[in-house]
Amino acid sequence: MASSSLRSSQPASSNGGGGVGRSERQQRQTTSFSVRSKPAPPSATSRRSVTPTSRLPNSNSELQQDAGRVRVAVRARPRNDEDRVSDSDYGDSVEVQPELKRLKLRKNNWMSESYRFDEIFTETASQNRVYQVVAKPVVESVLNGYNGTVMAYGQTGTGKTYTLGRMGCDDASERGIMVRALEDIILSTAPESDTVEVSYLQLYMESIQDLLAPEKTNIPIHEDPKTGEVSLPGASVVRIKDLDHFLQLLQIGEANRHAANTNLNTESSRSHAILMVFIRRSVEEKSTDEIISQEKALRNGLPIIRRSKLLIVDLAGSERVDKSGSEGHLLEEAKFINLSLTSLGKCINALAENSPHIPTRDSKLTRLLRDSFGGTARTSLIITIGPSARHYAETSSTVMFGQRAMKIVNTVKLKEEFDYESQCRKLENQIDNLTADFERQLKLRDSKKYELERRLTEFQHSFAEAKENLITRSEFLEKENTRLELEMKDLLYELNIQKEHHDIMHDKVAQLEMSLEQGKQHQVDSSTYQKILADTTQMYEKKIAKLMKQLEDEHTRSGSKEDQLDAMRKLLTDSQKTIQQHEMEHSTYQKALADTTQMYERKIAELMEQLEDECSRFEDLNEQFNLAKKLRHQQSSMKGKKEIDELKVTLQDMKQLHELTLNEFQSLKSDYSDLSAEKAKLDEELQDVKQRLLAEEKKRKTLENELVMRKKDVPEKEDDFEDKKSYMKENIYKGSSTLGNPMGLHYSNPSRESLSSHRETPSSQRATIAKICEEVGLQKIVQLMTSEDLDVQTHAVKMVANLAAEDMNQEKIMEEGGLDALLMLLQSSQNTTILRVASGAIANLAMNEVNQGLIMSKGGAQLLAGTASKTNDPQTLRMVAGALANLCGNERLHMMLKEDGGIKALLEMARSGSSDVIAQVARGMANFAKCESRGTIQGHRKGHSLLLEDGALTWLISNSSTTSSSTKRHIELALCHLAQNEDNANDFIFSGGLKELVRISTESSREDIRNLAKKTLRLSPKFQTEIHAE
């Protein structure tokens, strides 16, 4: 695109009129005032980088005359704790001279560069002074009808959002430019005639999103092909009522804005925020403006309004990935942020160098800001820098960006148009007058209407007389009709009586016929019933005889079962004798078998009792049946049938109960046979295990003999097998500890810290260890960890721990079964040295995400928790706590870690009182809480924190006042991240955590932690309600 597209006169807001006469209105209503007709050509010295102060005009009068140039101010951020610690060995790299409006950057002690800007703010400058100097002139221009832009640019963490978007809810003096600008605009406008509307947007990963309506995403940018005006038709526009209304909207937008925690800033903005303020003001007849409309005489009585637009842009901070530690999704966000800022820098360079092509279409950010740089808006830019010498390159790049922006000159234009709305109100008043005239004419017509109504009443009277005549006639006809209806009812009544008499006679005849037929049928049925009763009686007698035989058979069978039971008891006694030989190995099986035998004996006794009860019941039933047989001829046939049915049901119940008893006995017998088979199988497995153990013992003896031969070449001191790290190796570990961590958390390596506490290893000893590894092999060293010789076992574990400290050896150790051997030592060994070194080796392996999953799947957390419970050695506890803290940094392992007792073990180890152990416990809690907080924010985790279930919140609150700075920092981070989960709010309130969070927001030594605590308190409705209630 040509440069004219960015510098052409563009309307400040969307045209509010209709489509009729649009070109004519644009010619008559748009009044252009160019403050500077032609930018001054750059001098020959403007391209020199050594003396950049020569790039600006030399006098303040020229700055005042050049009102269209982009104004650039610099604000220096105060030093924080991290800057003081990291720059303790360096001098100040930034020197501000506010009285000379000069900034000096020192690269080293003998090289420095000086730059001049429109204004220089020191680290003590107030928010009000920044607003008065930077934004106040732009706001006044916007109120006078010009477009304006206020933008902040700088490295992440240097105070851009604090300068622009600070709401200052607690302290009004901390309010940023957004709140102060809207306060001045609201005070300077009249609600009756003027309107103030806002839109709040963010540019996130090249997608425009509405912060006031989060459901509106990917809003398109529309450009008018004729005027080149840029608009966002999909964005929501809200009319501002008062300052409180705007603060509510700003709070909603800040809550929906994307932010994340990086190494440089705990609340790093991940998107560009753009606040658009649309102002519509009416122009009075007696205008006192400096610039008077040239076409005021042509308005033909129509009032004039001015439409202006103010953009307040909070750019996301530029960052370097190697410093911010961004990875995964944060890395993608950083790419889009740096890409859009690069596109903006290209446009600034092209405008500063008067290039014929301005690449505004490379990014949506440059398309939105095309009117701010090289357009028709009055623009102020504030660049924020930090004092740290570590970020000299970023600070220098920010300063050069401001220097190039100062060369851009905009053509400021006034936007006026006819006020069709006020004219419409005047026309409405005229319509009201015409309506009054119309009503007067209606009164004249009312008199005519009265005459017509009089005539209508006369017609109504005549109609009433005719109606009365019709009523009398109808009454006579109704009386005649009722008389005829009564006569008809009498005739129908007599007819019904005769019909009923006929029906009664017919029913009597039918009943007589039915009784005759029933008598005949009864005689036939009685004879057949007697035959059936005799047959059924004989049938039941036969069945009872069969049941008696079956019962006798069951008695004989029960006797045989008792014999079988005696035989089984004998077998049990024999088996018990054989089991006693293996009593040490199968004690649990003996108890189970004895309990099962007793259960079977009890069941057999119960079955015998049931059989005896059934025999007695059968005899009683037999007697009852004989008695019923005697009484059969004395009682009626129906009663005898009922008793026989009852006996039949009783016999069937007895038969079913007997069958159930037999089935249970058979199942008991089968269970006993299965147990016997399992016992035989276990005996066979024991023999196999013994043979394998013998073979393993032979192998171990051969390995021990080899180790004895090798020990002659190895020093005998314990320090020779420790991990000795040089200064260069420590730097390698520090770099890899963050980059190799998949969750983006800071892991410390307690095992490496303890091993590095000894003196550095000489090169000859390191060569000896390497030679042993090459000659013996890692596989044999791992096998020596299972040796029965404690000295051999200790040296082998130390060698594996030394190898595990190197990332390149961890995969080999895992492949050769080193993890399994280490876990076995934690389970079986009672030696304090072996437990300490094995725990440190596992902590080294737990730095890798893949290794973390394998450790958890093999029960590593349970074994570490068991190790912590069986030792009181502070160094061993520190190693165990460090390993569990590393595992806490993987969100996918949290549930398994809790179920295996890892969280409880951490809290138990904290009771040891050792400061090093407590520091590792606090780090684990911080890692756990941070992963949970990230999962809650991303939406794939809900519910209370798992830490609260084990009482971690109480421990964190009670230890938050510790003297150790590292431990205190981890505890404060853990409390802030736990409080971000709204489901934990009630627990914080009832346990006193809310008061501790309030204390952290004001008293924490780290600014990023204080800001995180304030943000958590501000975004939680429950915390806000509780604070206000107090």
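Residues numbered from 1 in each chain as written. Predicted model: local features only at pLDDT ≥ 70, side-chain atom pairs only at ≥ 80, totals over all residues. Heavy atoms only, no water.

Novice: Is there a simple way to think about the packing of helix 20 (residues 790-804) against helix 21 (residues 807-815) in this case?
Specialist: Geometrically, a packed helix pair is captured by the angle between its two axes and the distance between the axes. Two numbers describe how helix 20 lies on helix 21: the axes approach to 7 Å, and their chain directions differ by 130°. Relative to helix 21, the element helix 20 lies oblique. Residues V800, L803 and A804 of helix 20 lie in contact with helix 21, whose contacting residues are N809, Q810 and I813. Grouping the constituent residues of the contact of helix 20 with helix 21 by class yields four nonpolar, two polar and no charged. (Axes fitted to C-alpha atoms, helices over the stretch in contact; angles between N-to-C directions. Helix = DSSP H or I, 4+ residues; strand = E, 2+ residues; numbered from the N terminus. Parallel < 35°, antiparallel > 145°, perpendicular 65-115°, else oblique. Contact = heavy atoms within 4.5 Å. Nonpolar A, V, L, I, M, F, W, Y, C, P; charged D, E, K, R; others polar.)

Novice: Just to check I follow, could you spell out the packing of aromatic side chains for this structure?
Specialist: Centre distance and the angle of the planes are the two values used to describe a pair of aromatic rings. Taken as a whole and judged by the stated rule, the model has two aromatic pairs. On the numbers, 3.9 Å between centres and 10° between planes, the contact of Y153 with F401 is stacked. You can see Y153 sitting in strand 7 (residues 148-154) and its partner F401 sitting in helix 12 (residues 392-405), a full 248 residues away along the chain. Of the two residues examined, Y153 and F401, each falls in the buried class. Each ring, one from F988 and one from F1023, has its centre 6.2 Å from the other, and the planes form 55°; the classification is tilted. Note that F988 is positioned in helix 33 (residues 985-991) and F1023 in helix 36 (residues 1021-1029), a separation of 35 residues in sequence. (Phe/Tyr/Trp six-rings, centres within 6.5 Å; stacked < 30°, edge-to-face > 60°. Buried < 20%, exposed > 50% of the residue type's maximum accessible area, 1.4 Å probe, protein only.)

Novice: When you look at the confidence of the model for the protein in this model, what are you seeing that I'm missing?
Specialist: The predicted coordinates should not be examined in detail at positions where pLDDT is low. Mean pLDDT over the protein works out to 76, with 75% of the residues at or above the 70 mark. Here residues 1-65 scores under 50 on pLDDT; set against residues more than four positions off or in separate chains, the count is 119 contacts. (pLDDT = per-residue confidence, 0-100.)

Novice: Sorry, what's going on with a negative patch on the surface here?
Specialist: A cluster of acidic side chains, namely E606, E609, E612, D613 and E664, defines a negative patch on the protein surface. The greatest single-element share of the negative patch, amounting to four residues, is contributed by helix 14 (residues 587-630). (Patch = residues over 30% accessible without salt bridge, like charges linked within 9 Å, V, L, I, M, F, W, Y side chains within 5 Å. Areas by Shrake-Rupley, 256 points an atom, 1.4 Å probe, with all protein chains shown as cover. Salt bridge = Lys/Arg side-chain N within 4 Å of Asp/Glu carboxyl O. Lys, Arg positive; Asp, Glu negative; His and termini not counted. Charge placed at Lys NZ, Arg CZ, Asp CG, Glu CD.)

Novice: I tried to follow the pattern of salt bridges on my own but got confused; where do I start?
Specialist: One side chain can pair with another of opposite charge once the charged atoms of both are near each other. Counted according to the given criterion, the structure contains 26 salt bridges. D194 is the salt-bridge partner of R281, the closest N and O atoms lying 3.6 Å from each other. In this pair, R281 sits in strand 15 (residues 272-282) while D194 sits in the loop between helix 7 (177-188) and strand 8 (195-204), placing the two residues 87 residues apart along the sequence. Residue D194 is classed as buried on the basis of its relative accessible area of 7%. E949 is the partner of K898 in a salt bridge, and the nearest nitrogen-oxygen pair spans 3.2 Å. Note that K898 is positioned in helix 27 (residues 894-899) and E949 in helix 30 (residues 946-949), a separation of 51 residues in sequence.

Novice: Help me out: how do you make sense of helix 22 (residues 818-828) in this one?
Specialist: At 3.6 residues per turn, the α-helix brings residues three or four places apart onto the same side. Within the sequence span of helix 22, burial applies to G818, L819, A821, L822, L823, L825 and L826. Against helix 19 (778-784), helix 20, helix 21, helix 23 (832-845), helix 24 (849-857) and helix 25 (860-869) lie the buried residues of helix 22.

Novice: I keep staring at the sheet that holds strand 4 (residues 102-106) and nothing clicks. Help me out?
Specialist: Two orientations exist for strands paired in a sheet by backbone hydrogen bonds: parallel and antiparallel. One open sheet accounts for three strands, arranged 3-4-5; its pairing is antiparallel. The open sheet has two edge strands with one neighbour each: strand 3 (94-97) and strand 5 (112-116). Averaged over all neighbouring strand pairs, the angle between strand axes comes to 15°, with direction disregarded. Looking at chain direction, strand 3 and strand 4 are connected through four bridges and run antiparallel. Bridge pairing links E95 to K104 in strand 4. Where helix 12 meets the sheet, its contacts fall on strand 3, strand 4 and strand 5, and the angle it forms with strand 4 comes to roughly 150°. (Pairing = 2+ DSSP bridges.)

Novice: Would you mind going over unusual backbone geometry with me for this structure?
Specialist: Most of the time, phi is negative for any residue but glycine, and the peptide bond is trans. For E206, which is not glycine, the phi torsion reads 60° and is therefore positive. Residue position: E206 is located in the loop between strand 8 and strand 9 (207-210). A residue is classified by how much of its surface remains accessible, and E206, at 23% relative accessible area, is partly exposed.

Novice: Help me understand the pairing of strand 17 (residues 378-385), please; the structure alone is not making it clear to me.
Specialist: The side chains of a regular strand alternate, first on one face of the sheet and then on the other. In terms of burial, strand 17 is a largely internal element, seven of the eight residues being buried. The pairing of strand 2 (residues 71-76) with strand 17 spans six bridges and is parallel. By the bridge assignment for strand 17, A73 is matched with I382.

Novice: Could you clarify how one ought to interpret a positive patch on the surface in this entry?
Specialist: A grouping of K542, K543, K546, K549 and K655 is seen on the molecular surface, where their side chains present a positively charged patch. No other element matches the four residues that helix 13 (residues 420-581) contributes to the positive patch. Looking at the secondary structure, you find K655 in helix 15 (residues 637-711). Owing to a relative accessible area of 44%, K655 belongs among the partly exposed residues under this scheme.

Novice: Could you clarify how one ought to interpret the packing of helix 25 against helix 26 (residues 874-887) in this entry?
Specialist: Contact pair helix 25 / helix 26: the axes reach a minimum separation of 10 Å and the direction vectors enclose 155°. With respect to helix 26, the axis of helix 25 lies roughly antiparallel. Between helix 25 and helix 26 the crossing geometry is left-handed. Residues A861, L864, T867 and A868 of helix 25 pack against T876, L877, V880, A883, L884 and L887 of helix 26. Here the residues of the contact of helix 25 with helix 26 sort into eight nonpolar, two polar and no charged. (Left-handed = near helix turned anticlockwise from the far one by under 90°.)

Novice: Before we go on, may I ask you to explain the side chain of D1008 in this structure?
Specialist: Along the chain, D1008 turns up in helix 35 (residues 1007-1019). Accessibility expressed as a relative area gives 17% for D1008, which makes it buried. Among the polar contacts made by the side chain of D1008, one reaches the side chain of R1006 at a distance of 2.8 Å. D1008 has contacts with E82 and T266, leaving out every residue within four places of it along the chain. (Polar contact = N/O pair within 3.5 Å; in protein donor to acceptor, adjacent residues only side chain to side chain.)

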